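Listed here are the chains, written in short residue letters.
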Amino acid sequence: MLMFALAVAFFVSCEKDDSARPQETTYSIIVSGIQVPEGMTVEILAIEYNSSNERLQTNRFNLVSVPMNKNYTANSRTEKIKVAMNLYGTSSGQSASLWVQQVFYLSKGKHTNINITGSSPTGQYEP
């Protein structure tokens, strides 16, 4: 019996420790309360930045229905997200870009919801 207990203790102590492996940092862009006018295309950009404010990557999707939810795994060096919207007139050829005037910080190894609504403050300049 003692031999069995020692064997179990040995195998348990040799198991891989998953807690030492870094967890992925994920986020969702959740868009609600925005009306897309007929004849317009709205592209949402989720731009990932590191601590030095360098762009790491850009995730983009077209807003085809509201509400809409897109999930992403962040670059391992990403610390914050800035969201921009590109609006295109499909028949007029006109375009405009707006920045959501908020910076969204991620928690390493956790999931963050980024909510963009019709009342989210927007402007011409990057926050």
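Each remark here, short or long, concerns the structure printed above.
All values reported here derive from a predicted model rather than from experimental measurement.

**Points about the sheet that holds strand β8 (residues 111–117)**
Strand order in the open sheet formed by three strands is β4-β1-β8, and the pairing between neighbours is mixed. The sheet is open, and its two borders are formed by β4 (68–73) and β8, each paired with just one other strand. Direction aside, the axes of adjacent strands within the sheet are offset by 15 degrees on average. Both strand β1 (residues 26–32) and β8 contribute to a ladder of seven bridges, which runs parallel. When the bridges of β8 are listed, S32 appears paired with T117.

**Quick word on unusual backbone geometry**
The omega torsion of the bond from V66 to P67 falls at 5 degrees, within 30 degrees of zero and hence cis. Turning to its location among the elements, P67 is positioned in the loop between β3 (55–62) and β4. The phi dihedral of N53 is positive, around 65 degrees, even though this residue is not glycine.

**A closer look at the side chain of S28**
On the secondary structure map, S28 appears in strand β1. Among the polar contacts listed, one links the side chain of S28 to the side chain of N71, at a separation of 2.3 Å. Ignoring anything within four residues of it in the chain, the contact list for S28 reads N69, K70, N71, H111, T112, N113 and I114.

**A short note on the layout of surface pockets**
Taken as a whole, the largest pocket encloses approximately 170 Å³ of empty space. Taken together, I34, Q35, P37, V42, M85, L87, L98, I116, T117, G118, S120 and T122 make up the lining of the largest pocket. For the lining of the largest pocket, the secondary-structure elements that each account for two or more residues are β5 (80–89) and β8. Taken together, the residues of the lining of the largest pocket sort by class into seven nonpolar, five polar and no charged.

**Topic: the packing of aromatic side chains**
In this structure the tally under the stated criterion is one aromatic pair. Taken together, a centroid distance of 5.5 Å and an interplanar angle of 35 degrees make the contact between Y27 and Y72 tilted. Remark: Y72 occurs in strand β4 and Y27 occurs in strand β1; sequence separation between them is 45 residues. With respect to class, Y27 is no different from Y72; both count as buried. Here the basic side chain of K82 rests over the ring of Y49, its NZ or CZ set 4.6 Å away from the ring centre.

**Points about the environment of T25**
Inspection of the secondary structure assignment puts T25 in the loop between α1 (2–13) and β1. Residue class for T25 comes out buried when judged on its relative accessible area of 7%. The sequence separation of T25 and T73 amounts to 48 residues, and the corresponding C-alpha distance is 6.0 Å. Beyond its immediate stretch of four places on either side in the chain, T25 contacts Y72, T73, A74, L106, S107, K108, G109 and K110. Among the polar contacts listed, one links the side chain of T25 to the backbone nitrogen of G109, at a separation of 2.8 Å.

**Examining the pattern of salt bridges**
Counting across every chain of the model gives three salt bridges. The residue E126 makes a salt bridge to R55 at a minimum N-O spacing of 3.7 Å. Of this pair, E126 sits in the segment after β9 (122–123) while R55 sits in strand β3, and the two are 71 residues apart along the sequence. One network of salt bridges, with partners in common, ties together R55, K82 and E126.

Thresholds applied
- Residues numbered from 1 in each chain as written.
- Predicted model: local features only at pLDDT ≥ 70, side-chain atom pairs only at ≥ 80, totals over all residues.
- Heavy atoms only, no water.
- Pairing = 2+ DSSP bridges.
- Helix = DSSP H or I, 4+ residues; strand = E, 2+ residues; numbered from the N terminus.
- Axes fitted to C-alpha atoms, helices over the stretch in contact; angles between N-to-C directions.
- Polar contact = N/O pair within 3.5 Å; in protein donor to acceptor, adjacent residues only side chain to side chain.
- Contact = heavy atoms within 4.5 Å.
- 1 Å grid on protein atoms, 1.4 Å probe; cavity = no way out; pocket = protein on both sides within 12 Å on 5 of 7 lines; lining within 4 Å.
- Points joined across faces, edges and corners; volume = space filled by probe spheres on them.
- Nonpolar A, V, L, I, M, F, W, Y, C, P; charged D, E, K, R; others polar.
- Phe/Tyr/Trp six-rings, centres within 6.5 Å; stacked < 30°, edge-to-face > 60°.
- Buried < 20%, exposed > 50% of the residue type's maximum accessible area, 1.4 Å probe, protein only.
- Lys NZ or Arg CZ within 6 Å of the ring centre and 35° of its normal.
- Salt bridge = Lys/Arg side-chain N within 4 Å of Asp/Glu carboxyl O.

Note that every value here comes from positions in space, so none of it alone points to a role or purpose.
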